[in-house]
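# Close look at the chain arrangement
Here's the letter readout for the chains.
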Amino acid sequence: LQIASCIGAVIDGNLVDILSRNMKVNLENALVQCTSRGFLEKIGANGFRFIHDQVQQAAYDMLTDDEKRQQHMEIGLALYLHSMAISNIDDRLFFTAVSQINKGGPESVYDANQKEVIATMNLEAGLLSQQRADIRKALQLFRLGIAWLDENYNWTSQYSLSIKLFGAAAEASCHLNELDSVKTYSDAVEIHALSIDDKLPCMVATIKTLVRQEKFGECMALTFKFLGLMGEPPLRVVTDLGLQADMAGLGQRLATSATDESILALEATDDLRVTVKLKLLSSLIHFIVFVEPLLVADIVYRMMQLTLDNGLTNESSLAITSYGHCVLAFGDFAGAVRFGRLALKILDMQPSSSVQSSTRFFVYQQMMWMATPLHTLAESIADAHKIGDQLGDRMYSHLNLACSYFTEYFAGNCLASTRDKLQDCAVSMLRGGFDLHAGLAFVFIQQIAVLIGGEDALEDGQVNGVPIGTGAPKNNVERKLFAPFVMSLNLARAYYLRQLDGDMIWTSINEILMSEKRPLDLNTCIGQYFEGLASFILARRVKKQQMETQQQVVSAHAVDIATLMRRGESVLKQMQSFVEFSNWNWECRALLLEAEKAYTVGELDSAETLYLRAIRSAGRHKITHEEAQGAELAGMFYYERGQPQKSKSYLILAAERYRQWGSVFLAKRVDDFMASHGFSSFPDQDHESAEEELLSCVHGNSKKRFPES
């Protein structure tokens, strides 16, 4: 019974058989007798279970501490010897053996060689746990392995094993954000390591720790130092002619010989220096844009060359993703989607990769928004958040969660629900020390607050108890980095509120991105979409003013109709190209832009058809706020053409869809317009029939998208 109590509440039949043979006892017979006395019960063919936890505890407490350690050690060694004897090692049996031996503890073993064997077992078990993405269990095993080392001689007689255990413990501690532990293990290796290669794992862990602490300058200097020690030349800026030639050669290679199939068929490399170089370079990718964005291209080039020339590593998916982001900056949308999909395939081949969460963040946030329905994309990013949680990657777990809520907003999900979830996420990021990214989340929350309640929601200088400006960029580099992000939201707000007279509405997001060689992302793409819509509205407004006043230019900004039309048409052309990747996301937006253009140039019959198609597309793809926006613009189209009855049906639909989205303010704006222009708040029977007919034409009369709260 005491042996059984050391095994656990449930005693597997296979363990009974193994222990009986290796410990020279008839354990099964003894357990049968205990069963007959009511201490155990039989389960399955030859398994047993204590009838109550207190019975197991009572039997265990009958042993002295020395007897407990000795019993655990005997059980563990018996299971380990059996696992070594069979041709295929049973991982479950191996882990049980290691667990039992660790419960025995170093005090129960006096032979230094045996202790070294047990320390090695813990290293192997930790690495297996790491492969299965159980980083917390891995760290526990690495620490236990270190405890089995001879503390007086481990850096001499057990040097190689010590280097492996301390390096593995430092990396696992970094994944779990136990930053003090990283320093402890890294400092020990720095003191005792005999070569640069032996310091490499701890070097990587130290760099990652600095990234997570947002100490970007210190991190960059240390990474450059480590790369130099490994023989890497200084990084080149994007304007370097040699780098430009190298990037062109890489592009040619990827267009010809380096096909997706050949990349996926690459063997995994076990070259430590290649692996560590990729780890260091990938660490730079996470923050270099904050400090030295002109170095990004060379970092990506080197990561790709290391992968293509040497084989796949843990960081290869991040290399592929980063290259896709580079080609996106030069307008190669198809190439970006190609490399995004390739990176995801590599991740599928490496399910325990420590960069699962970070790579998925970059793939989804930078590339796959073009080709994946936004509702589905939000779910995929939320899954990446869960993966980050499982891996202990707190930084990208938070970033993915926030990004999933950003995507929900663009997909047209309920505003109030998105706001509340994003608020919880932003507060959590602040507590975790991710102030800058929390600041972006708060900017989104302010945007949603205005759409729900109008600008009065910001009058108190706070939203939901959080002061406006919380987490705002602290310096010019950060402000410049996130300027297009914030500018896109501000432009969308100005459009929604029809505040088309301010400086913001005259800003060209595309011109800013092109001048800084920065690629589109989902937020800036939607910002451009609103820029296009605003351009067509302004063009009509300026055209009307010119007709009324006979002036050639009626604006302090001196932007003429031709310039506005070029901007609108440029956005339309881009949106139409995105339809090839995903008509779910972009068809309704492209059709609405096309309708606005047709209206602006006087093609009224075409505009009428395009408005209806845009509304129908938005309804079919469940993009509620775009359905509302299309209906509002169509309503204004008919009103300005002197067809108020037809206008009314569309405006009623717009107000209802705005309410379903959660924008009480925008719905009220439409209602107020109808009230002030002679529309009745409630349709009479004829108008109701007209509305039913309209809804049926649009998307089958699906009036409710969100349940009543």
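See the structure above.
Owing to the predicted nature of the structure, the values given are computational and were not obtained by experimental measurement.

### Let's talk about the overall build of the chain
For the chain, the count of helices and strands is 34 helices and 5 strands. By principal-axis analysis of the C-alpha atoms, the chain measures approximately 105 × 70 × 50 Å. Per-residue burial over the chain gives 54% buried out of 709 residues. Taking as baseline every contact in the chain between residues at least 6 positions apart, the subset at least 24 positions apart corresponds to 69%. Surface accessibility of the chain: about 30,700 Å² in total, with carbon and sulfur atoms responsible for 51%. Taken together, the 66 basic and 85 acidic charged side chains of the chain have centroids lying 2 Å from each other.

### Quick look at the packing of aromatic side chains
Scanning the entire structure with this criterion turns up 29 aromatic pairs. Taken together, the aromatic side chains of F406, Y409, F410, F444 and F485 make up a single cluster linked through ring pairs. Lying over the aromatic face of Y495, R498 brings its terminal NZ or CZ to 4.4 Å of the ring centre. Here R589 stacks its cationic end above the ring of Y529, 5.8 Å away from the centre of that ring.

### As for empty space enclosed by the protein
Applying the stated criterion across every chain, the model contains 4 cavities of 30 Å³ or more. Roughly 170 Å³ of volume is contained in the largest cavity. As for the largest cavity, its lining consists of 14 residues, and the residues nearest its centre are K208, R212, H286, D393 and Y396. No other element matches helix α11 (residues 196-212), which puts 3 residues into the lining of the largest cavity. The computed volume of the second largest cavity comes to approximately 100 Å³. Every residue lining the second largest cavity is counted, 14 residues in all, and those nearest its centre are Y409, F410, A492, I526 and F530. Those elements that place two or more of their residues in the lining of the second largest cavity are α22 (394-411), α25 (476-496), α27 (522-549) and α31 (624-640). Of the residues that constitute the lining of the second largest cavity, the class distribution is 8 nonpolar, 4 polar and 2 charged.

### Some remarks on the side chain of T275
As for its position among the elements, T275 is in helix α15 (residues 272-285). In this structure T275 touches T269, T313 and E315, once residues within four positions along its chain are discounted.

### Here we look at the pairing of strand β2 (residues 40-43)
Of the strand pairs in this sheet, β2 and strand β3 (residues 47-50) are connected by 4 bridges, and their pairing is antiparallel. Directly across from K42, in β3, lies its bridge partner F48. Count of turn residues in the β2/β3 antiparallel hairpin: 3 residues, of which G44 carries a positive phi of about 65°.

### Section: the environment of H385
Topologically, H385 is positioned in helix α21 (residues 374-391). Judged by its relative accessible area of 15%, H385 falls in the buried class. In this view, H385 contacts S397, N400 and L401; residues no more than four positions away in its chain are not counted.

### Considering the packing of helix α6 (residues 91-104) against helix α7 (residues 112-131)
Contact geometry for α6 and α7: axes closest at 10 Å, N-to-C directions at 135°. Considering the angle they form, α6 stands oblique to α7. Crossing hand, α6 versus α7: left-handed. Contact with α6, carried on its side by D91, F94, F95, V98, I101 and N102, involves I118, M121, N122, E124, A125, L128 and S129 of α7 and no other residues of that element. For the contact of α6 with α7, the residue count by class is 8 nonpolar, 3 polar and 2 charged.

### Overview of the layout of surface pockets
Empty space among the atoms becomes apparent when a probe as large as a water molecule is rolled across them. Empty space within the second largest pocket amounts to approximately 1,100 Å³. Lining of the second largest pocket is provided by 32 residues; of these, L127, Q130, E171, T275 and K279 occupy positions nearest its centre. Looking at the lining of the second largest pocket, the elements that each hand over two or more residues are α7, α9 (159-175), α11 and α15. Tallying contributions element by element places α9 first for the lining of the second largest pocket, with 8 residues. Broken down by class, the residue content of the lining of the second largest pocket amounts to 11 nonpolar, 13 polar and 8 charged.

### A short note on helix α2 (residues 13-22)
Buried residues of α2: G13, L15, V16, I18, L19 and S20, and no others. Looking at the buried positions of α2, the neighbouring elements they touch are α1 (2-7), β1 (10-11), α3 (27-36), β3, α5 (65-85) and α6. Downstream of α2 by a residue or two, K24 has a phi angle that is positive, lying close to 60°.

### Details of α27
With 28 residues, α27 should cover 40 Å at 1.5 Å per step; its first-to-last C-alpha distance of 40 Å lies within 8% of that length. α27 sits mainly inside the fold: 21 of its 28 residues count as buried. Among the residues of α27, the N-terminal cap falls to D521, whose side-chain oxygen and the backbone nitrogen of N523 are separated by 3.1 Å.

### Some thoughts on the side chain of H398
In this structure, H398 sits in helix α22. Discounting chain neighbours no more than four positions away, the residues touching H398 are C425, S428, M429 and F434.

### Notes on unusual backbone geometry
Most peptide bonds adopt trans geometry, and most residues besides glycine take a negative phi value. Located in the positive-phi region is R498, a residue other than glycine, with phi close to 55°. Among the secondary structure elements, R498 is positioned in the loop between α25 and α26 (509-515).

### Overview of a nonpolar patch on the surface
A contiguous nonpolar surface patch, about 210 Å² in accessible area, is contributed by V237, V238 and L294. In this structure, V238 sits in the loop between α12 (216-229) and α13 (241-255). Under the relative-accessibility criterion, V238 is labelled partly exposed at 32%.

### Focus on the packing of helix α29 (residues 583-601) against α31
Orientation of α29 relative to α31, taken along the N-to-C sense of each, is 15°, at an axis distance of 11 Å. Compared by their axis directions, α29 and α31 come out roughly parallel. Handedness of the crossing formed by α29 with α31: left-handed. Where α29 abuts α31, its residues C588, R589, L592, E596 and Y599 lie against H625, E626, Q629, G630, L633, F637 and E640. For the contact of α29 with α31, the class distribution of residues is 5 nonpolar, 3 polar and 4 charged.

### Remarks on the environment of Q356
Positionally, Q356 belongs in helix α20 (residues 356-368). Of the residues examined, Q356 reaches a relative accessible area of 3% and is grouped as buried. Along the chain, Q356 and D393 lie 37 residues apart, while their C-alpha atoms are 9.3 Å from each other. Those residues in contact with Q356 that sit more than four places away from it in its chain are L347, Q350, P351, I387 and L391. Engagement of the side chain of Q356 in a polar contact is seen with the backbone oxygen of Q350, the distance being 2.9 Å.

### Section: the pairing of β3
Bridge count for β1 against β3 is 2 bridges, and the pairing is antiparallel. In the strand pairing of β3, V10 is matched with R49.

### Brief notes about the sheet that holds β2
Taken in spatial order, the 3 strands of this open sheet run β1-β3-β2, and their pairing is antiparallel. The strands lining the two open edges of the sheet, one partner per strand, are β1 and β2.

Rules of the game
Residues numbered from 1 in each chain as written. Predicted model: local features only at pLDDT ≥ 70, side-chain atom pairs only at ≥ 80, totals over all residues. Heavy atoms only, no water. Helix = DSSP H or I, 4+ residues; strand = E, 2+ residues; numbered from the N terminus. Buried < 20%, exposed > 50% of the residue type's maximum accessible area, 1.4 Å probe, protein only. Contact = heavy atoms within 4.5 Å. Areas by Shrake-Rupley, 256 points an atom, 1.4 Å probe, with all protein chains shown as cover. Lys, Arg positive; Asp, Glu negative; His and termini not counted. Charge placed at Lys NZ, Arg CZ, Asp CG, Glu CD. Phe/Tyr/Trp six-rings, centres within 6.5 Å; stacked < 30°, edge-to-face > 60°. Lys NZ or Arg CZ within 6 Å of the ring centre and 35° of its normal. 1 Å grid on protein atoms, 1.4 Å probe; cavity = no way out; pocket = protein on both sides within 12 Å on 5 of 7 lines; lining within 4 Å. Points joined across faces, edges and corners; volume = space filled by probe spheres on them. Nonpolar A, V, L, I, M, F, W, Y, C, P; charged D, E, K, R; others polar. Pairing = 2+ DSSP bridges. Axes fitted to C-alpha atoms, helices over the stretch in contact; angles between N-to-C directions. Parallel < 35°, antiparallel > 145°, perpendicular 65-115°, else oblique. Left-handed = near helix turned anticlockwise from the far one by under 90°. Expected span 1.5 Å × (residues − 1). Polar contact = N/O pair within 3.5 Å; in protein donor to acceptor, adjacent residues only side chain to side chain. Patch = residues over 30% accessible without salt bridge, like charges linked within 9 Å, V, L, I, M, F, W, Y side chains within 5 Å. Salt bridge = Lys/Arg side-chain N within 4 Å of Asp/Glu carboxyl O.

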